Amino acid sequence: MDDLLADVSDLPDRIEPRLPLLTEPEAYQLVEVLQHFGTMDHDWGAQARHFAAELAARVPSHDM
């Protein structure tokens, strides 16, 4: 997993600094990605389900 986080060469250059928190649309998108990976039956799927639920509990309700 460290390799995935270390390779940021494909990310666009940013002029402005990143926000310390996710925006609501970013949080909703991340929940959707985690829910998708949570459908897989392996350890990563279980972790994705866990973090999808944790993140969903922390962002305002949104109809997905």
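Everything here concerns the structure above.
Everything quoted here is computed from the prediction, not taken from an experiment.

Caption draft 1: Structural detail: the packing of helix α2 (residues 24-38) against helix α3 (residues 43-58). For the pair α2 and α3, the least separation of the axes is 7 Å and the interaxial angle reads 150 degrees. Classified by the interaxial angle, the pair formed by α2 and α3 is roughly antiparallel. Classified by chirality, the crossing of α3 by α2 is left-handed. Note on element contacts: α3 touches α2 through G45, A48, R49, F51, A52, L55 and A56, opposite A27, L30, V31, L34, Q35, F37 and G38. Classifying every residue of the contact of α2 with α3 by side-chain character gives ten nonpolar, three polar and one charged.

Caption draft 2: Layout of a nonpolar patch on the surface. A surface patch of nonpolar side chains, amounting to about 340 Å² of accessible area, comprises L22, L30, V33 and F37. The partly exposed category is assigned to L30, whose relative accessible area is 35%.

Caption draft 3: Quick look at α2. Taking 1.5 Å per residue as the helical rise, α2 with its 15 residues ought to reach 21 Å, and the 21 Å between its terminal C-alpha atoms agrees with that figure. Along α2, the residues classified as buried are A27, Y28, V31, L34 and G38. Down the axis of α2, the smallest arc covering the buried residues is 125 degrees, so these residues share one side. Buried-residue contacts for α2 involve α3.

Caption draft 4: Representation of the environment of A56 in the model. When you line up the elements, A56 lands in helix α3. Spatially, the C-alpha atom of A56 lies 6.6 Å from that of V31, the residues being 25 residues apart in sequence.

Procedures and definitions
- Residues numbered from 1 in each chain as written.
- Predicted model: local features only at pLDDT ≥ 70, side-chain atom pairs only at ≥ 80, totals over all residues.
- Heavy atoms only, no water.
- Axes fitted to C-alpha atoms, helices over the stretch in contact; angles between N-to-C directions.
- Helix = DSSP H or I, 4+ residues; strand = E, 2+ residues; numbered from the N terminus.
- Parallel < 35°, antiparallel > 145°, perpendicular 65-115°, else oblique.
- Left-handed = near helix turned anticlockwise from the far one by under 90°.
- Contact = heavy atoms within 4.5 Å.
- Nonpolar A, V, L, I, M, F, W, Y, C, P; charged D, E, K, R; others polar.
- Patch = residues over 30% accessible without salt bridge, like charges linked within 9 Å, V, L, I, M, F, W, Y side chains within 5 Å.
- Areas by Shrake-Rupley, 256 points an atom, 1.4 Å probe, with all protein chains shown as cover.
- Salt bridge = Lys/Arg side-chain N within 4 Å of Asp/Glu carboxyl O.
- Buried < 20%, exposed > 50% of the residue type's maximum accessible area, 1.4 Å probe, protein only.
- Expected span 1.5 Å × (residues − 1).
- Arc of directions from axis to C-beta.

In short, shape yes, function no, at least from these values alone.
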